[in-house]
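# A structural walkthrough
Read off the chains here:
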Amino acid sequence: MTALAEPPKLDDAAPRKLPLAQKISERWPAWGSIFIGYFVLLIIYFPILWLMILSISSEPLTGFAGDWTLRWYDDMLYGTGQREGEAYAVNSRVFDPLFLSLKLAFITAALCMVASLLIGPILPRVRFRGPLLLGYLMPLMVPGIVASVSLFLFYRLGLHWKMGEWSLGLAHFVWAFPFALLAMLVVASRFDARLLEAAADLGASPWRRFWQIQVPILKPGIFAAGFFGFLLSFNELPFSIFMRAGDITLPIYLWIQSGAHNSSVPLIFALSTLITIASIILTFIAIKVAFGERTVRATDVKKT
Amino acid sequence: MAVINASGSASVSDAVRVAGGEQILEVVNATHRYGEVTALDHVSITARRGEFLTLLGESGSGKTTLLRIIAGLERPSAINRITIDGTDATLLPANKRNTTTVFQHYALFPHMSVGENIEYGLRVRGMPKPERRQRAEKVLELIRLPGLYERRVHQLSGGQKQRIALARALVTEPAILLLDEPLGALDEKLRIDMQVELKELHERLGLTFIYVTHSQEEALTMSDRILLMRHGRVVQEGPPTDLFERPVARFVAEFMNVENLLDGTIERASGAEATVRIGSHLLRGPWTGRGAAMPGTKACVAVRAERIQLGPAPSHDAQSINHLPCRPGVTIYKGKYVDQMLGTEIGPVKARVWDRSMEISTATAFWWRANDCAIMPVESE
Amino acid sequence: MALAEHAAGMKLRQFLPRLSVGIWSLSGFTFLWVIGIVVPLLGILLFSFLQTKGIKVQWDLTIKAYEKLFFYGGGPLIGRTIRIAATMTVIELLLAFPFALWLAKGAKNQNLKLITFTLLTVPFFLSPVARVIVWRSVMSVHGLVNTALLDIGLVSEPVEWLIFSEFAVHLGYLGQYFPAMVWPIFLSVALIDDEYLEASKDLGASRLRTLVHVIFPLALPGIVAGIIFTFVPMLGDTVVPQQMGGGNVMMISHNVYTMIGASNFVMAAALSAIILAIMLAFQVLLWAALRPVGGLNNVFASLRR
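The rules behind each value
Residues numbered from 1 in each chain as written. Chains lettered and ligands numbered in written order. Predicted model: local features only at pLDDT ≥ 70, side-chain atom pairs only at ≥ 80, totals over all residues. Domains from an automatic or database assignment. Contact = placed C-beta atoms within 7 Å. Nonpolar A, V, L, I, M, F, W, Y, C, P; charged D, E, K, R; others polar. Helix = DSSP H or I, 4+ residues; strand = E, 2+ residues; numbered from the N terminus. Pairing = 2+ DSSP bridges. Axes fitted to C-alpha atoms, helices over the stretch in contact; angles between N-to-C directions. pLDDT = per-residue confidence, 0-100. Buried ≥ 20, exposed ≤ 12 C-beta atoms within 10 Å, placed from the backbone. Arc of directions from axis to C-beta.

## Concerning the domain arrangement of chain A
Residue and element names in this part refer to chain A.
- Segmenting chain A into domains produces domain 1 (20-62) and domain 2 (93-303).
- Listed by partner, the interface residues are seven residues for domain 1 and seven residues for domain 2.
- A class-by-class count of the residues in the side of domain 1 that touches domain 2 yields six nonpolar, one polar and no charged.

This is the structure in structure tokens:
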């Protein structure tokens, strides 16, 4: 902002002032782009905020907020009071997908951490790093549904393997790994390989060098890979649609329910709100870990 | 070592000096290639216990490669043997060799405190924490940075980092301390202070130092012995005075910053003396090349600017005086002295004048004592 | 002598095995990744030329799948999908480029920048359903917007095209893919040395000239990457067409879903293969755009800055 509205220089004997018209004509592109950018950000965040507000409103389907109530959360957690017979069923319909999603998210996070730790530090140092990176990032550039169909056809029709939780795990890993790898690469490409030499020189075995030098310094990248793996798996939809055998993850549950024009939509608002809040908190932690510490590390290495 | 152990025995470094003749390092016939480039070409070196040995050379001369091979960080393409402190280390990886390195860019671990950095070498050797800490504090005092134990690495200044890197390498009490251009990243004043300090530290600890540098001034100030390297080979080896006074080849004289290098052909040679013809002039001086001077071969007369006297020669004793006519050129003011360029029939010559009262711009001749110059072959091999 | 050297040289292979361990793990992982992921992804191109009976594959090459696809209205479907995705990609580019430019070179307030970065990152990790579902109640006939418009008197009866229409799909895409366009452009512009911009200014270039001749060529890789990261996922988006189009705007993702549901695997494969071919064409474009700045390997150097 300051670049656009520089304070007038006070030390000049006769401070020159630009005519207002000239000021505006010089600066409108900047102001325009700022306005547009934050306007689109508003379009991104308005539905998220409004979702939260509606989830505590009594008539969420009208789009109007007000008449605050926690009824939808109550219904979601303990079943719908009004429809007695269904109460227990609704409850388990929400929690079974939740547990499955959590399980998959933890597995994906662990796989992402291990895989990005194995690949991240070496990739910047090998000859074919460019093409390799492109290969790893391929799932980012293929639409989810295409990748999902491809994997399904290959494993189900090509190899005749039955879909199940393993295929959901694989699909989630394929989706999350490119992000995890990028997060790791941000940290790993700043890693100074001379530190490993210094450790070897001081008598550290390869195993010690790995655990005591490489892993601690790459810790932000490992954490970020884990966080990204967790969050991306937890909210993943397109891959899960085909790579499953009747298993219902939370996003699939939400997708099916939101597609159906029935009264369970308010529950979805409540559930989505909770997931969104949890995701935002985790994202903040991940960003702080990956980028907050990175700045400190980067300056460390530069000065060293 | 005694200082680190705090055993109170001041005589240890004397004891070490007594055993000064003992060989602590032997590298036999090391060759290293990076692809097509030969970085090290059949080099063999030795070092005595307690010696301050300097590997001097331009970048790409192979000096750092040699140091890394000694440390075990580089695997040579071919080698007969490396012996470190009586142990055959040819096949040992870096972490099993009894050497430590002070790196040019320090390579301090950014995720550890100063104390943890210094203790790292002891930690990997399984020393218990209290003892480690005690040793680290001792070595911090030794390098005159007590109280920095808890400090984070990124809070240190460049000079402090350099000393911590030194402390980290010293604390493991290696048989040989390897220093890879450790002062290269420091500013000039700090560099001169550190030269003195390193020299003192070497005296006090009696440890073997192998020091890599491209600065002839650093090499002259600190070393017991210098190996001057070029194109992966050792060009000349000896104490600083040898390299400074008796260069074996034109390259050595050039590297040791001899200002005037006058190329010609050998006219006559007799034992330690040689006479060189340049144009119509005959110059004589001591022969410092390897082997005997061969008449008819190309040779170079090296004479330092401060040895040149302006004015007519005091006597015409052609045996001990070289003299030439000249016309004065540019005068360069250098503060403590003045550099006077002189135009001669055999090319420009630089004379250094300390006496400011002298009238220099009118000089029509100059001279130097034959013993003040050196004559050596142009080619190094 | 030569013999001794040789013998020592052989034994020296045992030195520092660390890098080779790394190379092994890299090669092993890459092998699994190629076999398990890349081959299936590219395999769909082959698959689309086959026929199936149940889940049995018949290994005879045929273009029947494509014939059927276009016979049953695949052409307009693909056309509509590409049209909507392309329109939104252009709009995103026009909106994101100036913003990314300002963020990379104009914005000086560190806190504001940090907040903006966070705002641009968080959406990647939110459930896509949760991000668009609320539009339905806001834009519906009795929803917030229509009620407001009626109250102001701007319209006399509810506007129906606000939801379950092409307009709604465009709106849904706008927010969903904006960060994916801003990030690559931001990164490529941020890497341009300020000295270039200063130099251009010193040489008397106007702001427009600097933009066209200095910033634009150097930012081209970021722009191409941004186009890939928005256009390609838009083609296959499952959530926005379903939530915002509501059955009125048919796009390929829904059809792929129905075809798989009906065990019509090869037609689904053919439809996917067309998208994949488009994506591969874009990869070639990215490769070409990266060439002048040192190719893909340079991506690593840029991460280090």
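Resuming the write-up.
## Structural notes on the interface of chain A and chain C
- Counting residues at the interface gives 82 residues for chain A and 84 residues for chain C.
- Looking at which element gives the most residues to the side of chain A that touches chain C, the answer is helix H1 (residues 20-55) of chain A, with 16 residues.
- For the side of chain A that touches chain C, the per-class residue count stands at 61 nonpolar, 18 polar and three charged.

## Observations concerning the sheet that holds strand E13 (residues 281-286) of chain B
Residue and element names in this part refer to chain B.
- Spatial strand order, E13-E12-E11-E14-E21: five strands in an open sheet with antiparallel pairing. Because the sheet does not close on itself, it has two edges, and the strands there are E13 and strand E21 (373-377). Across the sheet, the mean angle from the axis of one strand to that of its neighbour is 40°, orientation sign disregarded.

## Remarks on the environment of glycine 36 of chain C
- Relative to the assigned elements, glycine 36 of chain C resides in helix H2 (residues 18-47).
- In this structure, the C-alpha to C-alpha distance between glycine 36 of chain C and leucine 271 of chain C, residues 235 residues apart in sequence, is 22 Å.

## Considerations on the domain arrangement of chain B
Residues and elements named next belong to chain B.
- In terms of domain boundaries, chain B breaks down into domain 1 (2-245) and domain 2 (250-377).
- Between the C-alpha centres of domain 1 and domain 2 there is a distance of 39 Å.
- Between domain 1 and domain 2, the contact holds seven residues from the first and five residues from the second.
- At the level of elements, strand E9 (225-230), strand E10 (233-238) and helix H9 (240-245) are the ones that each hand at least two residues to the side of domain 1 that touches domain 2.
- In terms of residue class, the side of domain 1 that touches domain 2 is built from four nonpolar, two polar and one charged.

## Section: the sheet that holds strand E15 (residues 309-310) of chain B
Residue and element names in this part refer to chain B.
- The three strands lie next to each other as E15-E20-E16, forming an open sheet whose pairing is antiparallel. Where the open sheet ends on each side, the last strands, each with one partner, are E15 and strand E16 (321-325).
- As defined by bridge partners, E15 adjoins strand E20 (residues 365-369) across two bridges and the pair is classed as antiparallel. Bridge assignment links glutamine 309 to a residue of E20, and that residue is tryptophan 367.

## Observations concerning the confidence of the model for chain A
Residue and element names in this part refer to chain A.
- Confidence along chain A averages 76 in pLDDT terms, with 77% of residues attaining 70 or more.
- Helix H8 (residues 194-201) holds the highest mean pLDDT among the elements of chain A, 89, whereas helix H12 (residues 265-303) holds the lowest, 67.
- In the predicted structure, residues 81-89 sits below a pLDDT of 50 and forms seven contacts with residues beyond four places in sequence or in another chain.
- Confidence over residues 293-304 falls short of pLDDT 50; this stretch has 22 contacts with residues more than four positions distant or in other chains.

## Re helix H12 (residues 252-261) of chain C
Residues and elements named next belong to chain C.
- All of the buried residues in H12 are Ile252, Ser253, Asn255, Val256, Met259 and Ile260. Within H12, the buried residues cover an arc of 160° as seen down the axis, which keeps them to one side.
- Backbone geometry just downstream of H12 places serine 263 in the positive-phi region, at approximately 55°.

## Some words on the pairing of strand E18 (residues 338-344) of chain B
All names here are of chain B.
- Sheet topology note: the strand E17 (residues 327-333)/E18 ladder contains five bridges and is antiparallel. Residue pairing across strands places arginine 327 opposite glycine 343, the latter belonging to E18.
- Note: E18 against strand E19 (residues 347-353), seven bridges, orientation antiparallel. Paired with glutamine 340 across the strands is alanine 351, a residue of E19.

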